[in-house]
2 protein chains.
Amino acid sequence: MTPKKRTRGQLIVLSGPSGVGKSTVIAELLSERENIYFSVSFTTRAPRVGEADGVHYHFVTRERFEAMIDGDELLEYAEYVHNYYGTSLRLIREKLDAGIDVLLDIEVQGAAKVRAKCPDAVFIFIVPPSFEELSRRLHRRATDQEDVIRGRLQKAREEYREIPNYDYLVVNDKVSAAAAEIIAILTAEGCRTKNRMNLVEGV
Amino acid sequence: MTPKKRTRGQLIVLSGPSGVGKSTVIAELLSERENIYFSVSFTTRAPRVGEADGVHYHFVTRERFEAMIDGDELLEYAEYVHNYYGTSLRLIREKLDAGIDVLLDIEVQGAAKVRAKCPDAVFIFIVPPSFEELSRRLHRRATDQEDVIRGRLQKAREEYREIPNYDYLVVNDKVSAAAAEIIAILTAEGCRTKNRMNLVEGV
């Protein structure tokens, strides 16, 4: 008997404070790991320099976003620093059914909603080595005003309270090491007995 | 603030049917991963060709083993195909306290006892790609008589019923791949939020 492959993909939720370097870690992860789909969120916030529509986010108007809420088209959505962020259901379902892992980059409110709907999803929180370093990274990014940075740091402290609800904690000190840890987490989650009983004969 | 290292090691329990190739996988694992201690079990069974005392097992008499039982010196022990197998407590505690992971190779009865005493341990079950292949491996080993092999295969079927109690399931098709999956599991377990909250400031 040839072992059967696990049929369904895993849903992976990644959260972490603004400035922690999630996008860089995700880019590294996607370049190192196959069979994984990064779900691009919808947002009403303005694109930052270098951000492309459909790549970093689907940038939409507030009116369009509220129509998606009314049409029940979102797995989760949240308002964050006066902008909406949300995740479309359709594509995620298609990918998971095709056995492809789906990665969501969402903040803690959205993650809590996904946790309630999909308890089998894997929840990973990324932190910087320290708040001092987070502050340095936000200043280095130089896209935000000082008061916005202060707001993000304050928000980060609030988000940290949610860490115990996450399965895994990854420290983004070096991007390659953080990505390697996330890859190990995905491999390990794929080895979970509940995901693999179809490989066992006669049980 | 520099991140503090997690202080305590993880206890990892590995089970799988006789002939699945656990020893080979463990040897590969130990050569690829640092900071891991393989706990050598005590047994009353006779050494096989090539097995060395203190390396593969501590080979002891039935009398000595029963004295260890009476002296409460064992984390777990079990009788299996008319021989005792057991794990000494002292060394394990020392290693875990020193932040070193400890790997136990024990069968399902012993694992159940460890699970009751150490619910935080990580339980991994190794299976062959098929029973046919397990039979081939037992015959290839050529250390056992046909009736012993039949007994081991029957025992394997019974052990399989315990698989749902294990956290992870690894198929030993290729040794290097099986070892790599176990290494990913150890890395992922080290990333568990509960093991890492000491890396987070101000929570």
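Residues numbered from 1 in each chain as written. Chains lettered and ligands numbered in written order. Predicted model: local features only at pLDDT ≥ 70, side-chain atom pairs only at ≥ 80, totals over all residues. Heavy atoms only, no water.

In the nomenclature of an unreviewed UniProt entry, chain A is known as Guanylate kinase of Lawsonibacter hominis. Regarding chain A, the relevant UniProt record gives this comment under Subcellular location (unreviewed entry): "Cytoplasm". According to its UniProt record, chain A has this under Sequence similarities (unreviewed entry): "Belongs to the guanylate kinase family." (UniProt positions renumbered as here; feature names shortened; annotations may be inferred.)

This part covers the sheet that holds strand β1 (residues 11-15) of chain B. Residue and element names in this part refer to chain B. Taken together, 5 strands build an open sheet; the order of strands is β2-β7-β1-β8-β9 and the sheet is parallel. Two strands in the sheet have a free side with no partner beyond their single neighbour: β2 (36-39) and β9 (168-171). If you compare each strand with its neighbour and ignore which way they point, the axes differ by 25° on average. Bridge analysis of strand β8 (residues 122-127) against β9 gives 4 bridges, and the strand direction is parallel. (Pairing = 2+ DSSP bridges. Helix = DSSP H or I, 4+ residues; strand = E, 2+ residues; numbered from the N terminus. Axes fitted to C-alpha atoms, helices over the stretch in contact; angles between N-to-C directions.)

What follows deals with unusual backbone geometry. Residues and elements named next belong to chain A. If you check the backbone angles, Val81 has positive phi at about 45° while not being a glycine. Within the element layout of this structure, Val81 appears in the loop between β5 (74-80) and β6 (83-88). A relative accessible area of 46% means that Val81 is categorised as partly exposed. You will see that His82, though not glycine, has its phi angle at about 65°, which is positive. Note on placement: His82 falls in the loop between β5 and β6. (Buried < 20%, exposed > 50% of the residue type's maximum accessible area, 1.4 Å probe, protein only.)

Here we come to helix α3 (residues 89-97) of chain B. Residue and element names in this part refer to chain B. Buried within α3 are the following residues: Leu89, Ile92 and Leu96. Taken down its axis, α3 places every buried residue within 70° of arc, on the same side. Turned more than 90 degrees off the buried face of α3, the exposed positions are Arg90 and Asp97. On its buried side, α3 packs onto β1, β2, β5 (74-80), β6 (83-88) and β7 (101-105). After α3 finishes, the residue Gly99 shows a positive phi value of roughly 80°. (Arc of directions from axis to C-beta. Contact = heavy atoms within 4.5 Å.)

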